[in-house]
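Each chain, written out:
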Amino acid sequence: MAVDITIPPLSQTMDTVILVQWLKAVGDEVVNGEPLFVIETDKANLDVESPATGILRRIIAEPGTEVKVRSKIGVIASPDEIIPQGPGPKPTPEPKAAQPLPTATGPGGQPLPPEQRNRIFASPRARRLAQQEEVLLAEVTATGPQQMIVEQDVRAYLEARRAAPEVTPVARRVAEAVGLNLTTVVPARPGARITRADVEAALAKREAVAPAGIQWVDLSPTRRTIARRMAESQQAAAEVTLTREVDATELVHLRERILEELSERDRRPAYNDFLVSIVARQLKQHPYVNATTNGERIGLSEEVHVAVAVDTERGLVTPVVRNADQKGLLQLAQERAELVRRALDGSITPEELGGGTFTITNLGTLGVDAFTPIINPPQVAILGVGRIRSAPAVHKEELCVRQLMYLSLTFNHRFIDGAPAARFLADVVRLIEKPHLLWLDVSQSIP
Amino acid sequence: MAKMTIAEALRQALREEMRRDERVFCIGEDIGIEGGFGGAFTVTLGLSEEFGHDRILDTPISEIAIAGVAIGAAMAGMRPIADVQYGDFLFCMMDQLANQAAKMRYMSGGQVAVPLVMRAPVGATARGPQHAQSLEAFFTHIPGLKVVAPATAYDAKGLLKSAVRDDNPVIVFEHKLLYGSKGPRSERGALSPIGEVPEEEYLVPIGEGIVRREGKDVTIVAKLLTVYRALAAAEVLARQGIEVEVIDPRTLVPLDKELILASVRKTGRLVIVEEDNLTGGWAAEIAAIVADEAFMWLDAPIKRVSAPDVPPPFAPVLEREYVPDEEKIVAAVLSLF
Amino acid sequence: MKSSDVNFSNSRNARDGLPNPSLSAGFGNPAGASRDLSNSSHSTDAGELPDAEQLTRIYHTMVMIRRFEERVNELYLQGRIPSTLHLYIGQEAIAAGVCANLRQDDYVFSTHRPHGHALAKGVAPQAIMAELFGKATGCCRAKGGSMHVGDVRVGMFPAIAIVGGNAPIAAGAALAAKMQGTDRVTVSFFGDGAANEGAWHEGLNVAAIWELPVIYVCENNLYAASTSFSLTFKVKNVADRAAAYGMPGVIVDGNDVLAVYQASQAAIERARQGGGPTLIECKTYRQCGHSRSDPRTYRTHEEEAEWKERDPIPRFHQWLLDRGVCTAEQLDEVALNVEQTVDEAIIFAESSPEPQVADLYADVFKE
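About the thresholds
- Residues numbered from 1 in each chain as written.
- Chains lettered and ligands numbered in written order.
- Predicted model: local features only at pLDDT ≥ 70, side-chain atom pairs only at ≥ 80, totals over all residues.
- Heavy atoms only, no water.
- Helix = DSSP H or I, 4+ residues; strand = E, 2+ residues; numbered from the N terminus.
- Buried < 20%, exposed > 50% of the residue type's maximum accessible area, 1.4 Å probe, protein only.
- Contact = heavy atoms within 4.5 Å.
- Salt bridge = Lys/Arg side-chain N within 4 Å of Asp/Glu carboxyl O.
- Pairing = 2+ DSSP bridges.
- Axes fitted to C-alpha atoms, helices over the stretch in contact; angles between N-to-C directions.
- 1 Å grid on protein atoms, 1.4 Å probe; cavity = no way out; pocket = protein on both sides within 12 Å on 5 of 7 lines; lining within 4 Å.
- Points joined across faces, edges and corners; volume = space filled by probe spheres on them.
- Buried area = accessible area lost by both parts, 1.4 Å probe.
- Polar contact = N/O pair within 3.5 Å; in protein donor to acceptor, adjacent residues only side chain to side chain.
- Nonpolar A, V, L, I, M, F, W, Y, C, P; charged D, E, K, R; others polar.
- Phe/Tyr/Trp six-rings, centres within 6.5 Å; stacked < 30°, edge-to-face > 60°.
- Lys NZ or Arg CZ within 6 Å of the ring centre and 35° of its normal.

**Looking at the overall build of chain A**
Now for step 1: Along chain A, the regular secondary structure elements total 10 helices and 19 strands.
Now for step 2: Per-residue burial for chain A yields a buried fraction of 42% across its 447 residues.
Now for step 3: Of the contacts formed within chain A by residues at least 6 apart in sequence, a portion of 59% connects residues at least 24 apart.

Quick look at the structure:
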């Protein structure tokens, strides 16, 4: 019997989702429980499992389209089955030789009306146990009479799950759907499994302080992309942020003296330009920080392309200064200014936005001291720059006023460890604190 | 302990109760006649020698009078034990049982009690449709009547004594193939179980069932002859790795509901066996009770093994098809797995 | 067992708030039967009659029944009684005449038309009235209603509304009395229709074969519901069937209270002495319909008028005056007394509480 494929109601806040892609093609065999298609909600991309075993006979919704939750997007059936067109498929006589489709027929073998096609048959005893143990019946294999899930089947499932993680699948699913980080959820008792109830309790706390009178604004494509990529980055990386306080007094003085030497036509270098220059040179010395990744492998490159974060009306964009390690300060300043201008007025091109091997993001102008920037995939690290402020410090054993700032380096611990990252940061810091060392082309790291 | 047949156990119960209480007397057809059988199934054999014909009262073929006289005597202070020769004849006295005995106390606002016992043999024995019915269900449905169905010698004696001492009308159903009647009244194909019966005084309380065999995989509730069929089926199923729990309710009204519910909570599966037609029968009531009160513990649908909705036939080959047997019970149990 | 050993083992003890039964014991000498159906005369030729006090009491009973039924009819028409009624009007001589011969511990079984028998046997009018009103103080705690009134303390079992149903049961009660060694008798009242029920035949047969102390009193009022006697009997009299069972059959004018008195006295004495059962057929007429929902279109006005002439109460009233048994004032006082009793019964019933919902479940079984 034909089984409808529908969009599950996994998002708390959206009536529609985007069908990102089908994982199977028409004519492919699908198995109950196997991932069949991918949807994008406002929080994350999710795999959705096939509701039945059979052949993917029809695809109704195309990838990239927005679809309503609970709507039908496809049909699974046996190979030779006639699938009626139009709303509500009419019941067809059951072919005796067909593959068993447990959720499509009633116990007597009679075809079910459409609204019952996705029912799971389980005995009351099995349901009771499943509810108690927070088992999703859709994940249990039925061995009872008339393809009904019986108690024994739930017990078998529980046995298999015994070695599994401390979060119930239901809880995990719910947390994902609502974008709740499981690390923020407390189990009911210490050491117990995190259940859906625990997730919902955490969610309730979060919702309790949600503002009233919310006006929902649709996401721009840019926003959507950022949203997706941020989530992807978080999912794909084990991000750690190192923070260092830097005495930038020397750099400040250096810049002042340089500015005195410039003509009217020259672009005045900003601190960012100095940082791009310093960072680019250090990236040459630390190829693993300059690396990119496709999730499985690390891509090392001789070239250093530094992306700088620009805050535009449309959102954050990161145009790339290519081969930044080979460009002089004024050239960097010029290029960067150009890129920023084009980013701001929207004329930036995709080529100018791609290919970066590292990103610098500066929130110092907005008064931020330190923060935890998120890595820009496929890169493996990002440097966050805080504001430069006058503050008391110890310099040459004496208390005086110096120009201090924080650097926050976030790196992907999956591919770089803390020590190497710290060494890169230390090298960067040293050149900021002692800019004259640039002349000495120091290449060793300070322990 | 003495070993005896059910007929002997019933006779002993009658004797003991009549000795104990001079208000007790028997009334029915052919129960005290000199040189007679002692009732159709020998249960009253020899009693008139001890108690005389005034206390073992033979009647004309007048079922209405048997019931009516017993009711009137009970209302006026006696404790009669009446009987019909075949359970089928209960229908002849239906008004007296259903409209009079069952309702007398209620409609008088509690003024009178009707401490009457009516014994009735049931079951198919190749005598044709009007002498073969198992019709307990008609009587379990009438408020005001108690109904018992003993399947062993121990229970027969104990329950009959309890019935005599109960101040309400009690119908005692006995199965023809379980009596163990001897001589000219012996039944072909009878099971005639011999049971152990204590020498000392004992009663089996009305309203208490019993677990005949313990098991964890499926509960079978059965009565009278089908208890033995269920036990035989349980043996067959044990060899296939299925452990059957067999429950004999012994009293049909008031039912020992909790015994059945507790068993279903344990096993999750229920089969009810009865020698009675399927539709609207006693098994249907048990199924309804369990579906209502133990629904969440069920791991499979509830099955009834009953006689088909036809009158009981004469020909042995047809009767074999009609009555629930070991094979049908095994098949029903297997369908639940 | 001696009669003093036997208590009404199935009867209640204290019944709070319920009126006590009144006494209507009767006694008399053996007398024969009478066939005189003429106006205002009563047969007196067979033996002794009751004394003046007893005669007055019999009259009182008849008036009591008449007024109770008439008043209850009014209440019904006013919508104050929930049940239908089967009125005894016109048949008072039978209940009064028979029950005047019964002791309190004798048994009476009645039918769907039981008010007359109940009053005659001594069930308190208040208790009957409250039962009709459906109140908790009714004689059956409002569980039975009009067709089942009774009070075992005065020997009136709850009436049995299944036509013919009480015949074998009455035989059973008589059997118990015999087994218990008492001289208690049982009376089974029934109508002509009952004599065609299987239960009736079975009951009379066993009563005869076992020589039980039961008197079967047939109130032949010529109609079973709307069906006339002549359509349903080949024999001319119900009493003719007594011979079929081997018991004496007696026919009396059911509207002559003294004839009824004497016939039943003889039968009761015979039974007490161990002489066995008797079938007494009382020819009478019910003045009202079968039940309240009966427009009586199956009878002629002439017939009804003719029987009205033979109304047993004015007839007896006149006889008592003619014989100087009572003065007019005494008889008026009886009427007043009756009226007052009925008034009180109605007040009692109306002011009594209804049963509680929990009473629905009470008395299915004796615990």
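**What about the pattern of salt bridges?**
Residue and element names in this part refer to chain B.
Now for step 1: For the structure shown, the criterion picks out 64 salt bridges over all chains.
Now for step 2: Aspartate 155 is the partner of arginine 250 in a salt bridge, and the nearest nitrogen-oxygen pair spans 2.8 Å. Linking arginine 250 in the loop between β11 (244-248) and β12 (251-253) with aspartate 155 in helix α7 (residues 153-165), this pair joins segments that are 95 residues apart in sequence. Summarising the burial analysis for this pair, arginine 250 and aspartate 155 share the class buried.
Now for step 3: A cluster of three or more residues bridged by salt bridges with shared partners is formed by Glu16, Glu17, Arg20, Lys157, Lys161, Arg165 and Glu201.

**What to know about the sheet that holds strand β5 (residues 45-49) of chain A**
All names here are of chain A.
Now for step 1: Read from one edge to the other, the open sheet built from four strands follows the order β5-β4-β2-β7, with strand pairing classed as antiparallel. Of all the strands in the sheet, just β5 and β7 (65-68) have a single pairing partner and so form its edges. The mean angle between the axes of side-by-side strands here comes to 45 degrees, regardless of whether they run parallel or antiparallel.
Now for step 2: For strand β2 (residues 16-22) and β7, the ladder comprises four bridges, and the chain directions are antiparallel. Looking across to β7, one finds that isoleucine 18 is bridged to glutamate 66.

**Section: the layout of surface pockets**
Residues and elements named next belong to chain A.
Now for step 1: Its boundaries defined by the atoms lining it, the second largest pocket holds a volume of some 1200 Å³.
Now for step 2: The wall of the second largest pocket is formed by 50 residues, among which Ala309, Val310, Leu316, Val317 and Thr318 lie closest to the centre.
Now for step 3: At the level of elements, α5 (221-236), α7 (271-285), β12 (306-308), β13 (310-312), β14 (315-317), α8 (329-345), β16 (358-362) and β17 (381-385) are the ones that each hand at least two residues to the lining of the second largest pocket.
Now for step 4: The greatest single-element share of the lining of the second largest pocket, amounting to five residues, is contributed by α5.

**Some details on the interface of chain C and chain B**
Now for step 1: Listed by partner, the interface residues are 45 residues for chain C and 42 residues for chain B.
Now for step 2: The contact between chain C and chain B buries some 3600 Å² in all, and 65% of this surface belongs to carbon and sulfur atoms.
Now for step 3: The interface formed by chain C and chain B contains two salt bridges.
Now for step 4: Between B:Asp167 and C:Lys366 there is a salt bridge, with the nearest N and O atoms lying 3.5 Å from each other.
Now for step 5: In this structure, the connection of chain C to chain B is made through 17 residue pairs in polar contact (both at pLDDT 80 or more).
Now for step 6: Every element with two or more residues in the side of chain C that touches chain B is listed here: β1 (107-109), α5 (166-179) and α6 (198-209) of chain C.
Now for step 7: Residue contributions to the side of chain C that touches chain B peak at eight residues, all from α5(C).
Now for step 8: Of the residues assigned to the side of chain C that touches chain B, the class counts are 26 nonpolar, 11 polar and eight charged.

**Side note on the interface of chain A and chain B**
Now for step 1: Across the contact, 10 residues belong to chain A and 14 residues belong to chain B.
Now for step 2: Summing both sides of the interface, chain A and chain B together bury roughly 900 Å²; the carbon and sulfur share of this comes to 53%.
Now for step 3: It is A:Pro124, A:Arg125 and A:Arg128 that lose the most area in chain A upon contact with chain B, and together they represent 62% of the buried surface on that side.
Now for step 4: For the pair chain A and chain B, the interface holds zero salt bridges.
Now for step 5: When residues of the side of chain A that touches chain B are traced back to their parent elements, those giving at least two are α1 (124-133) and α2 (151-161) of chain A.
Now for step 6: For the side of chain A that touches chain B, the element with the most residues is α1(A), which contributes four residues.
Now for step 7: Counted by class, the side of chain A that touches chain B contains five nonpolar, two polar and three charged residues.

**Examining the packing of aromatic side chains**
Now for step 1: This structure, assessed with the given rule, holds 18 aromatic pairs over all chains.
Now for step 2: When the centroid spacing of 5.3 Å and the interplanar angle of 50 degrees are considered together, the rings of A:Trp22 and A:Phe37 count as tilted. Of the two residues, A:Trp22 is situated in strand β2 and A:Phe37 in strand β4 (residues 35-40); the sequence distance between them amounts to 15 residues.
Now for step 3: On the basis of relative accessible area, A:Phe37 is assigned to the buried category, the value being 0%.
Now for step 4: Aromatic side chains C:Phe190 and C:Trp200 sit 5.7 Å apart centroid to centroid with 65 degrees between the ring planes, which places their arrangement in the edge-to-face category. Taken together, the positions of C:Phe190 in strand β2 (residues 186-191) and C:Trp200 in helix α6 put the pair 10 residues apart, joining distant regions of the chain. By the burial criterion, C:Phe190 is buried, and C:Trp200 matches it.
Now for step 5: Clustering of aromatic rings is evident, with ring pairs tying together B:Phe41, B:Tyr86, B:Phe89 and B:Tyr179.
Now for step 6: Between the NZ or CZ atom of B:Arg265 and the centre of the ring of B:Trp297, over which it lies, the distance is 5.8 Å.

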